[in-house]
Amino acid sequence: MREGVWIALLLSVSTGCSFFPVDLKDLSRDPPVKQRYLFDVPAAAAATDAASIRADATGAPLPVLLLEQARAASPFNGRPFIYRTNAAEHAADYYHEFLASPAEQITQITRRWLRSTQQFAHVIESDSPLLANQSLAMELTDLRGDYRDAAQPRAIVGVRVVLTSIADTGPTPEILLEKDYRAEIDMPEAKPSHLVAAWGAGIHQVLTELSSDLLERSASRPNGASQQGDAK
């Protein structure tokens, strides 16, 4: 009896039977390859009137700005793309992701942008030997592909900005500007390449609005002083 069982098992193997069937075609396929992206944001135009506004008003030099490392709220602090598929459901795309974290990219892009606008004498990092007059903190609050409407996909960018004075005015920093910026950019198709391009356009829109707010504030408070109601 025992010999019969072993013979049956050997016959099943020799005839190609398998207890765990595998499609050999699947084994020959290459695994999905991750695609990695970086934001592409056009450079800012120099706001040459920023310095002239200050000089005409008081002759005071432009402030030195400390741009802090941006933070990103969860789940936008990771590298996978995030898609919103309906009111409550979201999906993370691990095959399309950022080459560098979004917060790191936002910091670098904003630094280049503010240096290009010439609205500050210098835009420095925390390890700079220069002394700053103001500090700018940023938080990435939203970064999604909004695919709830299949006929009209959108790229969403949200950034919270807080500008404070570093002057020795007390234990609590004086808030000069506090505002939430948001951009919603339509996309021709729900493709990762279109999404990255739309995100870049959204960041450009946010930074353009920020520059306008900074310039408006500089014109209304040319000596860097603030009054109640400056914060937005």
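Please refer to the structure higher up on the page.
Since the model is a prediction, treat every value here as computed from it, not as a measurement.

Caption draft 1: Spatial organisation of helix H4 (residues 102-117). With 16 residues, H4 should cover 22 Å at 1.5 Å per step; its first-to-last C-alpha distance of 22 Å lies within 8% of that length. Along H4, the residues that are buried comprise Pro102, Ala103, Gln105, Ile106, Thr107, Ile109, Thr110, Arg111, Trp113, Leu114 and Thr117. After H4 finishes, the residue Gln118 shows a positive phi value of roughly 60 degrees.

Caption draft 2: Representation of empty space enclosed by the protein within the structure. For the coordinates displayed, the defined rule picks out two cavities of 30 Å³ or more. The volume enclosed by the second largest cavity comes to roughly 40 Å³. Lining the second largest cavity are Pro75, Phe76, Gly78, Pro80, Phe81, Ile82, Phe98, Pro102 and Leu143. Classifying every residue of the lining of the second largest cavity by side-chain character gives eight nonpolar, one polar and no charged.

Caption draft 3: Region of interest: the packing of aromatic side chains. Summed over all chains, the structure comprises seven aromatic pairs. Summarising the aromatic geometry, the rings of Phe39 and Phe98 are spaced 5.0 Å apart at their centres and angled 55 degrees between planes, so their arrangement reads as tilted. A residue pair is termed long-range when its members are at least 10 positions apart, and Phe39 in the loop between strand S1 (35-37) and helix H3 (49-57) and Phe98 in strand S5 (residues 90-98) qualify at 59 residues. Each member of the pair, Phe39 as well as Phe98, carries the same accessibility label: buried. A centroid spacing of 6.3 Å and a plane angle of 85 degrees characterise the contact between Phe39 and Trp199, whose relative ring orientation is edge-to-face. With Phe39 in the loop between S1 and H3 and Trp199 in helix H5 (residues 192-220), the pair connects residues that are 160 residues apart, well separated along the chain. We note that Phe39, like Trp199, is buried.

Cut-offs used in this document
Residues numbered from 1 in each chain as written. Predicted model: local features only at pLDDT ≥ 70, side-chain atom pairs only at ≥ 80, totals over all residues. Heavy atoms only, no water. Helix = DSSP H or I, 4+ residues; strand = E, 2+ residues; numbered from the N terminus. Expected span 1.5 Å × (residues − 1). Buried < 20%, exposed > 50% of the residue type's maximum accessible area, 1.4 Å probe, protein only. 1 Å grid on protein atoms, 1.4 Å probe; cavity = no way out; pocket = protein on both sides within 12 Å on 5 of 7 lines; lining within 4 Å. Points joined across faces, edges and corners; volume = space filled by probe spheres on them. Nonpolar A, V, L, I, M, F, W, Y, C, P; charged D, E, K, R; others polar. Phe/Tyr/Trp six-rings, centres within 6.5 Å; stacked < 30°, edge-to-face > 60°.

Everything listed here is a matter of geometry and, on its own, says nothing about what the molecule does.
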